[in-house]
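Each chain, written out:
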Amino acid sequence: MEGEQIFALNGVNQIVRGGGKVTHILKVEVARHVSAETADRLQTAIYNHIANVAIKIIGNGKPITVTWTPAEAAYPTYYHCYSATFNDGGVLHHTQALLRQLIDRLDPDFNNGFTNGKLGVALLVSKPLAKEVYIDSGGFILLGAKSKREEANT
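All values reported here derive from a predicted model rather than from experimental measurement. (Residues numbered from 1 in each chain as written. Predicted model: local features only at pLDDT ≥ 70, side-chain atom pairs only at ≥ 80, totals over all residues. Heavy atoms only, no water.)

### Looking at the packing of aromatic side chains
This is how it is decided: Note on aromatic contacts: the rings of Phe and Tyr and the six-membered ring of Trp form a pair at centre separations within 6.5 Å, being stacked when their planes are under 30 degrees apart, edge-to-face when over 60 apart, and tilted otherwise. Numbering of helices and strands runs from the N terminus, with a helix taken as a DSSP run of H or I at least four residues long and a strand as a DSSP run of E at least two residues long. Note on classification: 1.4 Å probe, protein chains only; a residue is buried when its accessible area is under 20% of the maximum for its type, exposed when over 50%, partly exposed between these limits.
All chains considered together, the criterion is met by one aromatic pair. Between tyrosine 47 and tyrosine 79, the aromatic rings sit 6.5 Å apart at their centres with planes inclined by 40°, giving tilted as the arrangement. Within this pair, whereas tyrosine 47 is found in helix H3 (residues 36–50), its partner tyrosine 79 is found in strand S5 (residues 75–81), the two being separated by 32 residues in sequence. On the basis of relative accessible area, tyrosine 79 is assigned to the buried category, the value being 0%.

Here's what the structure looks like:
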């Protein structure tokens, strides 16, 4: 994982370490062939549409509401949510519908770049571990306890 990605996920790590609940992590990826300026504009536009907004989408005739919270304000790439009422399938359906909505809403603001194939964006959903897992240099996995090296450094 790149340094910027690790930094961007620090907010999620702090929530989990503090006993907070996170059921899903969302990463917004802009196609690599897009210029940095356009990618930044697109990330910001998506942030403005989804950050801390309760987004309700109808799935299988039932409302599914998910609020994506930015992991770090400086990095509008990662978001997290807590969804006790919806399983992974509900969050997946919500994310698929959300992507279609974002493309429909943002396409005119980006010279129909999605329609003409010049822009691309993906929403990647993953699940965090319930507890932190430490893997030491010998490859040993320690659940719920820091490695001896980390204990010595604290």
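### Some thoughts on the nonpolar core
Using the following cut-off: By nonpolar core is meant a set of buried Ala, Val, Leu, Ile, Met, Phe, Trp, Tyr and Cys residues that side-chain atoms within 4.5 Å join together. In what follows, residue pairs with any heavy atoms lying within 4.5 Å of each other are defined as contacts.
In this structure, Leu42, Ile46, Ile50, Trp68, Leu98 and Leu106 are the most contacted members of the largest nonpolar core, which totals 27 residues. Contributions of two or more residues to this core are made by strand S1 (24–30), H3, strand S2 (54–59), strand S3 (62–67), S5, helix H4 (88–106) and strand S6 (121–126). Contacts of leucine 42, omitting those with residues within four sequence positions, involve Val30, Leu106, Phe110, Phe114 and Val121. Listed in part, the five residues of the second largest apolar core include Val12, Val22, Ala71 and Tyr78.

### A few points about the side chain of glutamine 43
Put simply, the test is: In protein, a polar contact means a hydrogen-donor-capable atom and an acceptor-capable atom, both N or O and within 3.5 Å, with residues adjacent in sequence counting only if both atoms are side-chain atoms; elsewhere, any N or O pair within 3.5 Å suffices.
Checked against the element boundaries, glutamine 43 lands in helix H3. A distance of 3.2 Å separates a polar atom in the side chain of glutamine 43 from the backbone oxygen of valine 28. In contact with glutamine 43, not counting residues within four places along its chain, are Val28, Val30, Pro76 and Thr77.

### So, the environment of threonine 69
Mapped onto the secondary structure, threonine 69 falls in strand S4 (residues 69–72). Note: C-alpha distance between threonine 69 and asparagine 52 (17 residues apart in sequence) is 5.0 Å. Filtering out sequence-adjacent residues up to four positions away, threonine 69 remains in contact with Asn52, Tyr78, Tyr79 and His80.

### So, the pattern of salt bridges
Selection rule: Definition used for salt bridges: Asp or Glu carboxyl oxygen within 4 Å of a side-chain nitrogen of Lys or Arg.
Tallied over the full model, the rule gives one salt bridge. A salt bridge links lysine 27 to glutamate 29; the nearest nitrogen and oxygen atoms lie 2.9 Å apart. A relative accessible area of 30% places glutamate 29 in the partly exposed class.

### Structural notes on unusual backbone geometry
In this structure, asparagine 52 is a non-glycine residue whose phi angle is positive, near 60°. Relative to the helices and strands, asparagine 52 is located in the loop between H3 and S2. Classification of asparagine 52 by relative accessible area gives partly exposed; the value is 49%. One non-glycine residue, asparagine 111, lies in the positive phi region at around 50°. On the secondary structure map, asparagine 111 appears in the loop between H4 and S6. Relative accessible area serves as the criterion here: at 69%, asparagine 111 is assigned to the exposed category.

### Structural notes on the pairing of S1
Applicable threshold: By definition, two strands form a pair when at least two bridges between them are found by DSSP.
The buried fraction of S1 is high, at six of seven residues. Judged from the six bridges that link them, S1 and S6 form a sheet pairing that is antiparallel. Among the inter-strand pairings, lysine 27 is bridged to a residue of S6, identified as leucine 124.

### Some points on the side chain of histidine 80
Looking at where histidine 80 falls in the secondary structure, it is placed in strand S5. Those residues in contact with histidine 80, other than ones at most four positions away along the chain, are Val12, Ile15, Val22, His24, Ile25, Thr67, Trp68, Thr69, Pro70 and Ala71.

These values are about where atoms sit, not about what they do.
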